[in-house]
Structures are given as C-alpha cells and as structure tokens.
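These are the residues of each chain, in order.
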Amino acid sequence: MKEVGMFGRVLRVVAVGLLTLFGTLAGLFIAGETFADPGGWEAVVLTAAWALPLIALSVLALVWPGRSSKVLPVVLALVAGWVIVDALAHVIDRDVRGPVGVVSMFAVLIPCGLLGVHRAAEAGWLLLAGAAAQFVATVASMDRAGGQSLWSAFGGSTGVMVLPFLVLAMVFLAVAAAERWTDGAGGTQRLGHAH
C-alpha cells in the first residue's frame, strides 16, 4: 500500500509541476504577444486584466481550498458560458482584440489546477469541464464556410488550450483515484488534503 501512496504523491507533484510549467510558459507567451501588439500602456492594462484575476484565484486555491472549491466552479461556469457565447455570436472581434475568451479561460483554469495541491479530484473535474468548454467553443467558432478543418481549428491558440488542460485533468483524476484506492485499502492517510 505504501507504493500506491507514494505513486499518488509523486503523481501529484508531477501534475502541479506540469501545470506550473505550462502556466508560466503560456502566461509569458500571452504577455509577450500583448506587449508586441498593441504594446505600451494598453498592453499593461490588457495583461493586468487577466494576470491579476489569475493571481488572486491562485492564492485562493492554494491558501483557502475550502473557499476556492465554492468560488472556482462558479467563476469557471461564468467564463465557460461567456467563451461559448462569444464563439457562437462573435461578440468580441478576435482580429481586433485577440483571443479574449481563450485568455480568460486560461486565467481561470490555472487556479483550478492549483486547487489540486489540496484537492486532486476537484481540480481534475474542473480542468476537464474547462477543457470541454474550450473544445465546444473551438468547434463553434470554426469557419465552416471557409472549409476550416477540425485539425486546423485546434492548431491555433483556441485549440491549443484544450490538450494540455485535458492531460492535466486526467493526471489529477489519477492522483485522486490512487488516493481513494490507498484509503479504501486501509493504507496511508491522504496527503495534501485540506478542509
């Protein structure tokens, strides 16, 4: 049983490490693109518009997982709904403002993943829901008249969001399954579980 408990702990570290790496690289890429165009003070405001909520929600997830478990599903549902509506109705001109929906989803999914430091199952389900919403938004925004294929739709920034968060969701759900199996077999106590 100790081996299973160790596997769960290692898997959790891997999941959080991958999430942090992806979040850092993607965040730097988004900020870099924003400072390249439009640049200046507008770039500062646009970057702050997604980075500050991401930081605030991340702190909430890491320090107060109980509160975060109530707040993050609501925030994710609102952002997911917005992203799908925007994909269907083209509320924001992507050519002028960029991928606002994608960046909004990114800013919510990173904190959802960080909840996995304490609550792997909740993080996994939130990431899975967010990846599914982004998938729906990507398919909804496909230019069928122009003959855009599903493959090419997922090659852009919108689609690139789906796969990493889907993989991370599966890893966090595997952590939760390993912990449940260990607990159910009378093994080690769950680590990282906070109320």
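Everything below is about the structure printed above this text.
We now turn to the structure provided with this report. Remember, it's a predicted structure, so these values are computed and weren't measured experimentally. (Residues numbered from 1 in each chain as written. Predicted model: local features only at pLDDT ≥ 70, side-chain atom pairs only at ≥ 80, totals over all residues. Heavy atoms only, no water.)

Quick word on unusual backbone geometry
Looking along the chain, the bond that leaves Asp37 and enters Pro38 is cis, with omega of 20°. The topology assignment puts Pro38 in the loop between α1 (2–36) and α2 (40–63). If you check the backbone angles, His90 has positive phi at about 55° while not being a glycine. Turning to its location among the elements, His90 is positioned in the loop between α3 (65–89) and α4 (94–97). Taking the relative accessible area as the measure of exposure, His90 reaches 55% and is therefore exposed. (Helix = DSSP H or I, 4+ residues; strand = E, 2+ residues; numbered from the N terminus. Buried < 20%, exposed > 50% of the residue type's maximum accessible area, 1.4 Å probe, protein only.)

Section: the nonpolar core
Ranked by internal contacts, the top residues of the largest apolar core, which has 46 residues, are Trp50, Met105, Phe106, Ile110, Leu127 and Phe165. Broken down by secondary-structure element, the contributors of at least two residues to this core are α1, α2, α3, α5 (100–114), α6 (120–140) and α9 (162–184). With 10 residues, α5 is the single largest residue contributor to this core. Excluding residues that lie within four positions of it along the chain, Ile110 makes contacts with Leu19, Phe22, Gly23, Leu54, Ser58 and Phe165. (Core = buried A, V, L, I, M, F, W, Y, C linked by side-chain atoms within 4.5 Å. Contact = heavy atoms within 4.5 Å.)

Focus: the environment of His118
On the secondary structure map, His118 appears in the loop between α5 and α6. Sequence spacing of His118 and Trp64 is 54 residues, and the spatial spacing of their C-alpha atoms is 9.5 Å. Separated by 2.7 Å, the side chain of His118 and the backbone oxygen of Leu62 make a polar contact. (Polar contact = N/O pair within 3.5 Å; in protein donor to acceptor, adjacent residues only side chain to side chain.)

Points about the environment of Ala49
Secondary-structure assignment places Ala49 in helix α2. A C-alpha to C-alpha distance of 9.1 Å links Ala49 and Ser104, two positions 55 residues apart in sequence.

Side note on the environment of Val108
For Val108, the location among the structural elements is in helix α5. C-alpha separation for the pair Val108 and Val79, spaced 29 residues apart in sequence, amounts to 7.8 Å.

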